[in-house]
Amino acid sequence: MRIHRTRHGGGTAHRAGATAVTAVAVLTLAATTAGCQAQASGGSAAKPSSPPKTSAPATDDAKPAATPSPPTAAPSPSAPAAPKPAPQGRTLMATGSEGKQVRELQARLRQIGHFDRSPTGYYGTLTVAAVQSFQGKRGLSRTGRTDTVTWQKLVAMTRKPTAAELNPPTSRPAARPDKRCMTGRVLCISKNSRTLSWMIDGRVVSSMDVRFGSQYTPTREGTFSIYWKSRHHVSTIYHTAMPYAMFFSGGQAVHYSADFAARGYTGASHGCVNVRDEGKIAALFDQVRNGDKVVIYW
């Protein structure tokens, strides 16, 4: 009988121990499983986060991914924007233009050091260069043409030219007249002083600077007379303008020269007597008549 109770009690203890072992295993499994879940702030279980995707490139403000993404090429720097073209306007004056506005343009350019000659009223190569110089200094396209933008900037920087600035007086003193110039109506022209004096009965009415032909195309000397006048003449040989031409010997004439007005005595004519003051020769042209005498001397 004693032996039987002992077996019964041992069986109970065995079952109790087995039950305890089973409970510990359950608790351990539960604890282990709970450690794999992130808890939301509300205490409910959150779904497992998906693994980071590496196929899509990160944006500039993205945080680094858990696993490094494959390197991506750095974006190439964008090309600098092309500079905007300088503003241009409607062309007012260009090569070949003539008149009072051209003379004013040259006088204004001279006021600020871009034109170092007396105004001529003719838009030639020197005026083109002067306009280009001004345009370059003001950030404009160096076209050499005077458009509305160039003109407005120039007018804003300068003052209205005076009469003397527009038509500078002759600066060379007239020579003592040759004795052949003392009677009648005479164009008395001195190669030595490089002046022309318009004389009537020994009295000097007006005088002006002149230049002559080169050694290869010399201006003839002697006494002649005006045989033809042509206000808007163009040379049929050299195809150059010869305004206010007064012919006295073959193809040689007294006339206005825009080149002389621009370049001075650095150039020469093809034999004509060039006058550089357009206003003076225009007035002379109106007074001289066919048959008036021309005397050219040293």
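Residues numbered from 1 in each chain as written. Predicted model: local features only at pLDDT ≥ 70, side-chain atom pairs only at ≥ 80, totals over all residues. Heavy atoms only, no water.

### Thoughts on the overall build of the protein
- Helices and strands together make up the secondary structure of the protein, namely seven helices and eleven strands.
- Looking at the protein residue by residue over its 298 residues, the buried ones come to 33%.
- Of the contacts formed within the protein by residues at least 6 apart in sequence, a portion of 54% connects residues at least 24 apart. (Helix = DSSP H or I, 4+ residues; strand = E, 2+ residues; numbered from the N terminus. Buried < 20%, exposed > 50% of the residue type's maximum accessible area, 1.4 Å probe, protein only. Contact = heavy atoms within 4.5 Å.)

### So, the sheet that holds strand β6 (residues 222–225)
- One open sheet accounts for nine strands, arranged β6-β11-β3-β4-β5-β10-β9-β8-β7; its pairing is mixed. A single partner strand is all that each edge strand has here, and the edge strands are β6 and β7 (228–234). Here the strands of the sheet are splayed against their neighbours by 30° on average, with no regard to which way each runs.
- Two elements, strand β8 (residues 241–249) and strand β9 (residues 252–256), share three bridges in a ladder whose sense is antiparallel. For F247, the partnering residue across the bridge sits in β9 and is A253.
- On the sheet, helix α7 (residues 278–287) packs against β3 (185–190), β4 (195–200), β5 (203–211), β7, β8, β9 and β10 (273–275) and is oriented at approximately 50° with respect to β8. (Pairing = 2+ DSSP bridges. Axes fitted to C-alpha atoms, helices over the stretch in contact; angles between N-to-C directions.)

### Description of the environment of A164
- Within the element layout of this structure, A164 appears in helix α5 (residues 163–166).
- Classification of A164 by relative accessible area gives partly exposed; the value is 48%.
- Spatially, the C-alpha atom of A164 lies 9.9 Å from that of A107, the residues being 57 residues apart in sequence.

### Brief notes about the state of the cysteines
- This structure, assessed with the given rule, holds one disulfide.
- What pairs with C181 in a disulfide is C188, and their sulfur atoms sit 2.1 Å apart. Judged by the torsion about the S-S bond (80°), the C181/C188 disulfide is right-handed. (Disulfide = S-S within 2.5 Å.)

### Observations regarding the pairing of β4
- Among the six residues of β4, five are classified as buried, and the element is accordingly described as predominantly covered.
- Where β3 lies against β4, six bridges are found, and the strand directions are antiparallel. The residue bridging I189 from the neighbouring strand is L196, located in β4.
- A loop of four residues connects β3 with β4, the two strands running antiparallel in sequence, and R194 in this loop sits at a positive phi of about 55°.
- Taken together, β4 and the strand that follows it, β5, pair antiparallel across an intervening segment of two residues, in which D201 is found at a positive phi of about 55°.

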